[in-house]
Amino acid sequence: MKLRTYLQGTALALVAALPAYAQDSTVTVVLSEELDILDPCESSRSNVGRVVLQNITETMTELDPDEGLMPRLATEWEDMGDGTWRFHLREGVKFHDGSALDAEDVAHTLVRIKSEDIVCEIGAKFFGGIDLTTEVVDDTTIDITADPAQPILPLLMSTVTITPAEAPLDGHMEEPMGTGPYVFDEYRRGQDITLSSNPDYWGETPEVTGATYVFRTDSAVRAAMVQTGEADIAPNIALQDATNPDTDFSYSNSETVYTRLDTTMAPLDDVRVRQALNHAVDREAFIGTILADGTELATGMTPPSTIGYNKDLQPYAYDPDKAKALIEEAKADGVPVDTEITVVGRINNFANVLETMEALTSMWREVGFNVDLQMVEVAEWLEHYSKPFPEDRGPEMVQAMHDNANGDPVFSMYFKYASEGLQSGVQDPKLDDMIAEATAATGDERAEDWSEVFSYIHEQAFDVMLFHMVGFSRVNERLDFTPSIKTNSELQLEQISFN
Amino acid sequence: MVERSPAPAATRTKEGPGALRTALSLLWADKLACAAVIFLVIVTLCAIFGPMFLEEITSKPNLRGRNAPPFDLSKGWMFILGGDQLGRPLLARIIVAAQNTMVVAAGAVVASMIIGSALGLIAGYSRGRAGQIIPRLADVIMSFPSLLLAVIVLYMLEPAVGNLVIVLAITRIPIYLRTTRAEVLEIRERMFVQAARVMGASTKRIVFRHILPVVLPTLTTIATLDFAFVMLAESSLSFLGIGIQPPEITWGLMVSQGRPYLTSAWWLCFWPGLAIILTTLSLNLLSNWLRVVLDPQQRWRLEMGGKKNA
Amino acid sequence: MKQFLGKRAVASAVSLLGLVVLVFFLSRLTGDPTDLYLPVDASVESREQFRELHGLNDPLVMQFVNYLGDLVRFDFGESIRRNEPAIDAVLRGFSWTLTLAVITMGLVTVCAITFGALAAFNVGGRFDRFATFVSLIGASAPDFWIAIVAIVLFSVNLGWLPTSGTGTVWHWVLPVAVLFIRPFGLILQVVRGSMISALQSAYVKTARAKGVGNRPIIFVHALRNAMLPVITVIGDQAAALLNGAVVVETIFGFPGVGKLMIDSILQRDFTVILAAIMVTAFAIFLMNILIDIAYAILDPRIRY
């Protein structure tokens, strides 16, 4: 086995491969899964988003991780009260078919994402239970009303990809079309997708003149392709394949790993038991071993860049003795601490999930919990994770990974913690009120309210919060591109330039 | 055709204490087969006793000592093959995993071989309806993707060892069924079978005394190779998330868990992979040896002391 | 022969129908695709809409009758996941897989028969031991292991071949080579085994006694007799490839039917699963008929 030697020898191969591509101003991106669908209204899925979002179709607003909410197709917006917001559209923007972008297109898009005959992911994910009505004021001005009122409607609009008024309401678009800097050329199914630059783009002309997307499931192959020069960017490779500091970047990827506790079931209904579960976990031991260096300990469901994230909270310290003491205390009060608790893990959820779950399970056993690990594939996992929960279940802890790159906890909190939330294991009227209050608040008050929510959840140990994850990308040295927290859900070609 | 009946050899081995000695000396004559038997005995012992003694060490992760390289004795001899992705000694894991691996592989291979060859004998020998219907059954099983079967069985039942054996056994039935049938189709037309029939031998006697012995060598060849196939199939099921799941371990699961580390810590999937290869190799050498021993026309090679290879 | 073919066609059609019934009902026992398709945060109404849209709320028997009704008109249904008819996706994948299978099995057949027969000619000899050893290691090494090592070696380090994908002839070399190894080992062993038996059989001996000392003639005689189990095993291996060389397709990014089938099974895209099974089953049934005809040609005593 001289693999190591082979790998070292590859630096040469890389250098040799470079000149052949250096003149080329198109890039090849190697994605981890084939796209089953290319409709822009599905672009909240990370695999679709990486191709479509802001490349082919654009959104009204755009969230910048550092700068906050920025204009894109809308130049400005104002709150008209009663849940209505007025958006002013950029002038002179054209769709790829040559027609001009106007307010009608926006209105149509909002109808389309909620269409019962498509069931788009954007509609289902961000606008579930929200009624949207629009009023076209003039060609470039539109009023959007949400019921119930959404104080963060402009932020929500950063998820909606604007498609022309001709887009069908009863089915998916055959070919994605929008206003973006790149035009969709061809999808040779199973092989590749090609885009080329849009000569009529309203913004600056990007350096990259075209892109090809290919699909490889295996991380080692994706890494090898960038190494040999067959591809330029592999947005997502595994920790163990990120071996070359010159080409491999780590970035916080907005995913948070945690274990959801079913707090309605004994013994998980006892706060001491939940705290003991938290104290039993040696979180530091995972980092730099089975999880990448740079992984952060989490104290809340959303990435630290989200508004209201409570930076004062400290992760539960690794303290097996304290955990044992808490268990004893609970036991003395008659809490059935010996009940078998099932730990449900999701197979292939992230790299090394199996190792992570095995290690967690043995840590819990170490302090005396009677836990049993079950790793299941996604369909079965969902039955445990989402309501309605199985009738005949025992106490369960479900491992999950949650992604919120949208900057506001509202995309997470109701679902994960409210009594009626689909994935919530909590039944706590006080928390329900807190979440409702924060959801309706604006400005600084909003940040403060969310901060309190984070702190209450942490105190009550409603779950075993674990890690904010990092991802790895390999980027060919001929490109000037640094992956960021958004690389998980989009890959804007116009941000790439050549060295 | 001179009947290549195994009867003489079989009776000879039944002759009492001398028989064992004869068998051992015949085995000694073929050094490779000898090594194979020793290896298989070790694997069997590991499978029976391993979990009893080593369960404890293999379930304690030590994250800070993960992927320890092999041939380093500073952590104790259990780490001679290195540590796995959770810092557990690979050698101990391989020994403990032998049990599940052997149960799954042997269970699936034996079950599919018995069922498959029985159906194949019927299908090949019968000139009636069974001869038409049974091969179509094989067609259906062959076209039913094993993965779908695995998802169905393991989704509705638990991903336990027993259910895995069922899934793998069903998917392997067609190969024995079809091979047996093909051979029987030809054998039943041979002179000695026709002669036996004319002399009034019962169907049962013809099938078991005359036809089965001729088919058996081919079936054994396939079965020994199938051992590897089943272990690897189990590995890919685990990889796809529908096979055996930790804390249970098998060699196949270890191979699939070590896969992401192929380029950074090769030993994770190399050793369990080697265990699979060596087991298959040993079984095959053993079956080749048996074939020679049971064949009066070839047995002389071994009786000559294996010095000459004609 | 005509009668045989007629009977077989009818029997195969019945088997195919049985397969469809089996797969249709069994696959639906593995859960509802709705939750897999929609994000976990999707509202209850969205889920309900999705079920309604794809007819998942109808009673199972109704769904089956509708499906059969469409099937009679050669309509295999729309894929839930993909924005296209299920049969389009399947045929596209199948054409790749078929090419891969034909090339691989062609090479395997030629190589395995040649080397297996040579090994059997001198049992226990150096060549025999070598061939046995190599073929066994090949047959029991994990294919993904071979695939990744091959990529690292031939593409990354030596730069001789592309890592993966499709496009040129060179793209086919690694997938075919990796797929070649296991059936080669298995078939070589079977050829060797049956040849040993055949070479000892009475008529070869008679031929020798009669003075047909010419080795090739004996060889051909014996080979012909040894072919029945060999063809069966070749068929079995080819069927396994037609069902999709999942690991190889996955690693090399080859858009075959195996990868499609796995994705569809894991995503519960029932129409695609069914269409894929029907297409591959059709190919496998056809192959099995050809194999049975081959038996009869190789050995005129065999009648059905």
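Numbering of residues starts from 1 in each chain and follows the order in which that chain's sequence is written. Written order determines the labels here, with chains lettered from A and ligands numbered from 1. Reporting in this predicted model follows two pLDDT cut-offs: at least 70 for local features of residues, and 80 or more for side-chain atom pairs to be given and counted; totals over whole chains, interfaces and linings ignore these cut-offs and use all residues. The side-chain values count all of the structure's non-hydrogen atoms but skip hydrogen atoms and water molecules.

Going by what an unreviewed UniProt entry lists, chain B is known as Dipeptide transport system permease protein DppC and is assigned to Salipiger mucosus DSM 16094. UniProt positions are given in the numbering used here, feature names are shortened, and annotations may be inferred rather than shown by experiment. Among the UniProt annotations of chain B, the heading Sequence similarities (unreviewed entry) holds the following wording: "Belongs to the binding-protein-dependent transport system permease family." Entered under Subcellular location (unreviewed entry) in the UniProt record, the comment concerning chain B runs "Cell membrane".

As recorded in an unreviewed UniProt entry, chain A goes by the name Putative ABC transporter oligopeptide-binding protein, listed as coming from Salipiger mucosus DSM 16094.

(A) Looking closely at the overall build of chain B. Counting secondary structure elements, chain B contains 12 helices and zero strands. Elements are defined by DSSP. Helices are runs of H or I of four residues or more, strands are runs of E of two residues or more, and each kind is numbered from the N terminus. Helices (α) and strands (β) of chain B occur, in sequence order from the N terminus, as α-α-α-α-α-α-α-α-α-α-α-α. Relative to its full complement of 310 residues, chain B shows a buried share of 59%. Across chain B, the fraction of contacts at a sequence separation of at least 24, relative to all contacts at a separation of at least 6, is 68%. Working definition of accessibility: Shrake-Rupley area with a 1.4 Å probe, residue cover restricted to the visible protein chains. Carbon and sulfur atoms form 70% of the exposed surface of chain B, whose accessible area is close to 12700 Å². Burial classification: accessible surface area is computed with a 1.4 Å probe over protein chains only, and a residue below 20% of its type maximum counts as buried, one above 50% as exposed, and the rest as partly exposed. In what follows, a contact means two residues having at least one pair of non-hydrogen atoms within 4.5 Å.

(B) Representation of the interface of chain B and chain C in the model. On the chain C side, the residues contacting the 60 residues of chain B number 69 residues. Note on chain B versus chain C: buried area summed over both sides is about 5800 Å², and carbon and sulfur give 67% of it. Three residues stand out in chain B for area buried against chain C, namely Arg136, Met142 and Leu225 of chain B, and they jointly supply 10% of the buried area on that side. Think of a salt bridge as a Lys or Arg side-chain nitrogen and an Asp or Glu carboxyl oxygen that are within 4 Å of each other. Inspection of the region where chain B meets chain C yields one salt bridge. Measuring nitrogen to oxygen at the nearest pair gives 3.2 Å for the salt bridge that ties arginine 181 of chain B to aspartate 292 of chain C. Whenever two N or O atoms come within 3.5 Å, that pair is a polar contact, provided that in protein one can donate a hydrogen and the other can accept it, and provided that, for residues adjacent in sequence, both atoms are side-chain atoms. In this assembly, chain B and chain C are joined by three residue pairs in polar contact (both at pLDDT 80 or more). Elements supplying a minimum of two residues to the side of chain B that touches chain C: α5 (129–143), α6 (146–156), α7 (161–187), α9 (203–240), α10 (251–258) and α11 (267–293) of chain B. Throughout, the accessible surface (probe 1.4 Å) given up by two parts as they are put together, summed over both, is called the buried area.

(C) Main features of the packing of aromatic side chains. All names here are of chain A. Working definition: a ring pair exists when centres of Phe, Tyr or Trp rings (six-membered ring for Trp) sit within 6.5 Å. Plane angles under 30 degrees give stacked, over 60 give edge-to-face, the rest tilted. One pass over the full model with this rule turns up 21 aromatic pairs over all chains. For the ring pair tyrosine 309 and phenylalanine 454, a centre distance of 5.4 Å and an interplane angle of 55° mean the geometry is tilted. Taken together, the residues span a long stretch of sequence, with tyrosine 309 in the loop between β13 (296–297) and α8 (320–332) and phenylalanine 454 in helix α13 (residues 443–460) at a distance of 145 residues. Here tyrosine 309 and phenylalanine 454 have matching classes, each one buried.

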